[in-house]
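Breakdown of the fold
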Amino acid sequence: MSSAYVIEPPAQISLPVTGDAQRFAVNRIYCVGRNYADHAREMGHDPDREPPFFFMKPANSIVTDGKNMAYPALSKDVHHEIEMVVAIGKGGSNIPADQALDHVYGYGVGLDMTRRDLQGEAKKMGRPWDTGKAFDQSAPCGEITPASQCGHPSKGAVKLLVNGEERQVGDLNQLIWNVPDTIAYLSTLFTLEPGDLIFSGTPAGVGPVKKGDVLEGSVEGLANLTITVI
């Protein structure tokens, strides 16, 4: 058989959709840094509402609900960061905040897994965070619940249990930059496209995981996420 490609194209990365046999095709993953005041403080930063900053993860770093995440190489300090994930359904640039929610397909629960030791080294040397943030299987993510089912959550508990013990707890109403403002600002930096995901930030309580840990993440009104570190 002939092919237009010299190598086989990778499979499309996707997430299940609540109540639908069709899946959400993932394009890019944007993450908002230090978007909860208490988390900013625990990381040693001023939580005042300065412009948000972003980093990215590759789409193939996703681990779906119920799967295993391999503890990454070259790190001895891997941390959990529970977040609400925003799934973009309609693209655009320079999107006004009062129109931003029209671009959202739905929401999910995600984990921004972080090699904290490698991230710390990068910070000290003024280098990018990629080795600490964008490694293989660094973006566990649950199924996407369409906004037509769950609305647009602006308040509600965000929690992470590790082996049944509560590690992180916050509320969406504590976001420094809410979802509409985040989308509006991000769309001035990049043209957003359907399939993009935005990890909206993590509350306080981030901490290390070890092999054998079971992580159970939840955002009120959305499908839960459970993964096991191996």
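So, a few notes on the structure that sits alongside this text. Within each chain, residues carry numbers counting from 1 in the order of the written sequence. Local features are withheld for residues below a pLDDT of 70 in this predicted model, meaning they are given only at 70 or higher, and side-chain atom pairs are given and counted only at 80 or more; totals for whole chains, interfaces and linings count all residues. Side-chain measures were taken over the full set of non-hydrogen atoms in the model, leaving aside hydrogen atoms and water.

Regarding the nonpolar core
- Core analysis: the largest hydrophobic core is formed by 38 residues, its most contacted members being Met84, Val86, Tyr107, Leu111, Met113, Ile183 and Leu215.
- Each residue touching Met113, except ones within four places of it in the same chain, is listed here: Lys57, Met69, Val78, His79, His80, Gly132, Lys133, Phe135, Ser138, Pro140, Val209 and Leu215.
- Here, the term nonpolar core denotes a set of buried Ala, Val, Leu, Ile, Met, Phe, Trp, Tyr and Cys residues that are joined through side-chain atoms within 4.5 Å. Relative accessible area decides the class of each residue, using a 1.4 Å probe on protein chains only: under 20% of the type maximum gives buried, over 50% gives exposed, and in between gives partly exposed. The next biggest cluster of nonpolar side chains, apart from the first, holds 17 residues, and it includes Phe24, Ala87, Cys141 and Leu197. Residues count as neighbours in contact if any of their non-hydrogen atoms are within 4.5 Å of one another.

Things to note about the side chain of Glu81
- Turning to its location among the elements, Glu81 is positioned in the loop between strand S7 (78-80) and strand S8 (82-88).
- With relative accessibility at 4%, the residue Glu81 sits in the buried group.
- A distance of 2.7 Å separates a polar atom in the side chain of Glu81 from a polar atom in the side chain of Arg116. Every helix listed is a DSSP run of H or I at least four residues long, and every strand listed is a run of E at least two residues long, numbered separately from the N terminus. In protein, a polar contact means a hydrogen-donor-capable atom and an acceptor-capable atom, both N or O and within 3.5 Å, with residues adjacent in sequence counting only if both atoms are side-chain atoms; elsewhere, any N or O pair within 3.5 Å suffices.

Observations regarding unusual backbone geometry
- Of note in the backbone geometry, Leu74 takes a positive phi value of approximately 60° without being a glycine.
- Examined against the element boundaries, Leu74 turns out to sit in the loop between strand S6 (68-69) and S7.
- Notably, Asn163 is not glycine yet its phi reads approximately 55°, a positive angle.
- Summarising the element assignment, Asn163 is placed in the loop between strand S13 (157-162) and strand S14 (165-171).
- For Asn163, a relative accessible area of 43% translates into the label partly exposed.

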